[in-house]
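Listed below are the residues making up each chain.
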Amino acid sequence: MDEDDVRVRAARGSRPRTRRRPAHAEAVDAFVTAVDRGRYRCVSADGAVTAMKARELGRGNIVVGDTVSLAGDASGAPGTLARVVRIAPRRTVLRRSADDVDPVERVIVANADQLVIVCALASPPPRLRLIDRFLVAAYDARLEPALCLTKADLAGPEPILAVYEPLGFRYVVLGRPLSDSMLADLRRMLAGRVSVLVGHSGVGKSTLVNALIPEADRAVGAVSPVTGRGRHTSSSAVALPLPGEEGGWIIDTPGLRSFGLGHMSPERVVQAFPDLADGAEECPPGCDHLGAECALDAWVAEAGGGAAGRALAARLDSLRRLLRSREGADSE
């Protein structure tokens, strides 16, 4: 039989593949306000839209705060579902890890301007080391930190302010009941910016959100009388628009009892303690700030035993606990 008589069937998938993707020239820009099991709640110029991630985006994560482009039905009508086809480059990224020995980072929020650390002055008691962790994450993410001290009716803010006021970032002190003047101070801090609220469970983040945005209707929990810890009432991050001419957004996050920094190098942790920067310059090259050769001890001792010296000593102790905990040698 002649070779020309043999029929050869073309193999499946013989059509040449292409890396070209649709341009989606008609896609509309939107802001991601919530993420829930593969569905993304977004806000575009025309209103609220629910979307899913397009297959072409692969495994990239979309988080609250992302600016995305939507294709398909972006009308937001009931029963419609748009597709997220592009994610804009992120200006800032707030990250954490599961613990201090886990190097895998988890993105919490994108494109925020400031990190507002909410800390109760009592019930639950303040945890300065957790505040330090938040500050490390804020400086690393290039977010401007701010401090919101709640429950001033139960305890005074002076001990905490003595530690953090020298760092120069903004703060507000709030008591109960929340007065108009207190809320006015907080509104000025938040106006026109994308602000992430973080804090230990039970410090009053949801109460603050409800006071600023009554229609938000965030669930409010109580502090356990047995453990002295707050109960989680927010299960996921959500972005809420602030009322008023200046606008702005609040991103409320779930209450946190720990904040891992395993994804950060020791150098990045040290850089988040600017009040110790002058003393660190006297350390030998490659100093890990944990050994006897570290110059920070002598530098802090020169500050004396006054309030300033005690504050620096507390900050140095916090720095070293963070560095040790990253190596699994110390705990919170």
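In this text the structure is predicted, and so the values were computed from the model without any measurement. (Residues numbered from 1 in each chain as written. Predicted model: local features only at pLDDT ≥ 70, side-chain atom pairs only at ≥ 80, totals over all residues. Heavy atoms only, no water.)

Some details on the overall build of the protein chain
Okay, so step 1: Helix and strand content of the protein chain: eight helices and 13 strands.
Okay, so step 2: Within the protein chain, the fraction of its 332 residues that count as buried is 44%.
Okay, so step 3: Summarising the internal contacts of the protein chain: among those between residues at least 6 apart in sequence, 64% fall at separations of at least 24.
Okay, so step 4: As displayed, the protein chain offers around 17,900 Å² of accessible surface, 50% of which is attributable to carbon and sulfur atoms. (Helix = DSSP H or I, 4+ residues; strand = E, 2+ residues; numbered from the N terminus. Buried < 20%, exposed > 50% of the residue type's maximum accessible area, 1.4 Å probe, protein only. Contact = heavy atoms within 4.5 Å. Areas by Shrake-Rupley, 256 points an atom, 1.4 Å probe, with all protein chains shown as cover.)

As for helix α3 (residues 180-190)
Okay, so step 1: Of the positions making up α3, those classed as buried are L183, L186, M189 and L190. Each buried residue of α3 lies within a common arc of 115° when the element is viewed along its axis, so the set occupies one face. Away from its buried face, by an angle of more than 90 degrees, α3 presents the exposed residues D180 and R188.
Okay, so step 2: Against β8 (114-120), β9 (144-150), β10 (170-173), β11 (194-199), α4 (205-212) and β13 (249-252) lie the buried residues of α3.
Okay, so step 3: Just downstream of α3 lies G192, where phi reads positive at about 70°. (Arc of directions from axis to C-beta.)

So, the packing of aromatic side chains
Okay, so step 1: The full count for this structure, using the stated rule, is one aromatic pair.
Okay, so step 2: Both rings, one in F31 and one in W249, keep their centres 4.8 Å apart while their planes meet at 45°; by these two values the pair is tilted. Within this pair, whereas F31 is found in strand β1 (residues 28-36), its partner W249 is found in strand β13, the two being separated by 218 residues in sequence. (Phe/Tyr/Trp six-rings, centres within 6.5 Å; stacked < 30°, edge-to-face > 60°.)

Things to note about unusual backbone geometry
Okay, so step 1: At the junction of S123 and P124, the peptide bond is cis and its omega measures out at 5° in the coordinates.
Okay, so step 2: Mapped onto the elements of the fold, P124 is located in the loop between β8 and α1 (128-141).
Okay, so step 3: In this structure, P177 follows R176 across a cis peptide bond, with omega equal to 0°.
Okay, so step 4: Of note, P177 is situated in the loop between β10 and α3.
Okay, so step 5: Located in the positive-phi region is N111, a residue other than glycine, with phi close to 65°.

Examining the environment of A77
Okay, so step 1: Turning to its location among the elements, A77 is positioned in the loop between β4 (67-72) and β5 (82-87).
Okay, so step 2: Considered as a pair, A77 and T50 are 27 residues apart in the sequence and their alpha carbons are 9.1 Å apart.

Side note on the pairing of strand β3 (residues 47-53)
Each regular strand displays side chains that alternate between the two surfaces of the sheet.
Okay, so step 1: Across five bridges, the pairing between strand β2 (residues 39-44) and β3 is antiparallel. By the bridge assignment for β3, R41 is matched with T50.
Okay, so step 2: Here β2 folds back onto β3 in antiparallel fashion, the turn holding two residues.
Okay, so step 3: By the bridge criterion, three bridges tie β3 to β5 in an arrangement that is parallel. Note on β5: the bridge partner recorded for K53 is V84. (Pairing = 2+ DSSP bridges.)

Brief notes about the pattern of salt bridges
Okay, so step 1: Within the structure shown, the criterion is met by 13 salt bridges.
Okay, so step 2: Here R90 and D66 are joined by a salt bridge, their closest N and O atoms 2.8 Å apart. With a gap of 24 residues between them, R90 in the loop between β5 and β6 (93-97) and D66 in the loop between β3 and β4 connect regions that are remote in the sequence.
Okay, so step 3: Classification of D66 as buried rests on a relative accessible area of 0%. (Salt bridge = Lys/Arg side-chain N within 4 Å of Asp/Glu carboxyl O.)

Regarding the nonpolar core
Okay, so step 1: Grouped together as the largest cluster of nonpolar side chains are 52 residues, with contacts concentrated most on L115, Y164 and L319.
Okay, so step 2: Those elements that provide at least two residues to this core are β8, α1, β9, α2 (158-164), β11, α5 (266-271), α7 (296-301) and α8 (307-326).
Okay, so step 3: Beyond its immediate chain neighbours, meaning those up to four positions away, L319 contacts V269, V270, F273, L276 and L296. (Core = buried A, V, L, I, M, F, W, Y, C linked by side-chain atoms within 4.5 Å.)

A closer look at a negative patch on the surface
Okay, so step 1: On the surface, D278, E281, E282 and E302 cluster together into a negatively charged patch.
Okay, so step 2: Mapped onto the secondary structure, E302 falls in the loop between α7 and α8.
Okay, so step 3: The class for E302 is exposed, based on a relative accessible area of 65%. (Patch = residues over 30% accessible without salt bridge, like charges linked within 9 Å, V, L, I, M, F, W, Y side chains within 5 Å. Lys, Arg positive; Asp, Glu negative; His and termini not counted. Charge placed at Lys NZ, Arg CZ, Asp CG, Glu CD.)

Considering the side chain of D275
Okay, so step 1: Among the secondary structure elements, D275 is positioned in the loop between α5 and α6 (277-280).
Okay, so step 2: A polar contact of 2.8 Å, which involves the side chain of D275, links it to the side chain of R315.
Okay, so step 3: Excluding anything up to four places from it in sequence, D275 contacts L167, W299, L312 and R315. (Polar contact = N/O pair within 3.5 Å; in protein donor to acceptor, adjacent residues only side chain to side chain.)

Structural notes on α4
Okay, so step 1: A large share of α4 lies buried, amounting to six of its eight residues.
Okay, so step 2: When α4 is considered as a whole, its buried residues turn out to be K205, S206, L208, V209, N210 and L212.
Okay, so step 3: Looking at the packing, one finds that the buried side of α4 touches β8, β9, α3, β11, β12 (238-241) and β13.

Quick notes on the confidence of the model for the protein chain
Okay, so step 1: The predicted model of the protein chain has a mean per-residue pLDDT of 84, with 85% of residues at 70 or higher.
Okay, so step 2: Predicted confidence for residues 221-234 stays below pLDDT 50, and this span has 37 contacts to residues more than four positions away or in other chains. (pLDDT = per-residue confidence, 0-100.)

Observations regarding the packing of α3 against α4
Okay, so step 1: Their axes nearest at 11 Å, the elements α3 and α4 cross at an angle of 90°. As the angle between them shows, α3 and α4 are arranged roughly perpendicular. Contact residues: α3 offers L183, L186, R187 and L190, while α4 offers L208, A211 and L212.
Okay, so step 2: Across the contact of α3 with α4, the residue classes break down as six nonpolar, no polar and one charged. (Axes fitted to C-alpha atoms, helices over the stretch in contact; angles between N-to-C directions. Parallel < 35°, antiparallel > 145°, perpendicular 65-115°, else oblique. Nonpolar A, V, L, I, M, F, W, Y, C, P; charged D, E, K, R; others polar.)

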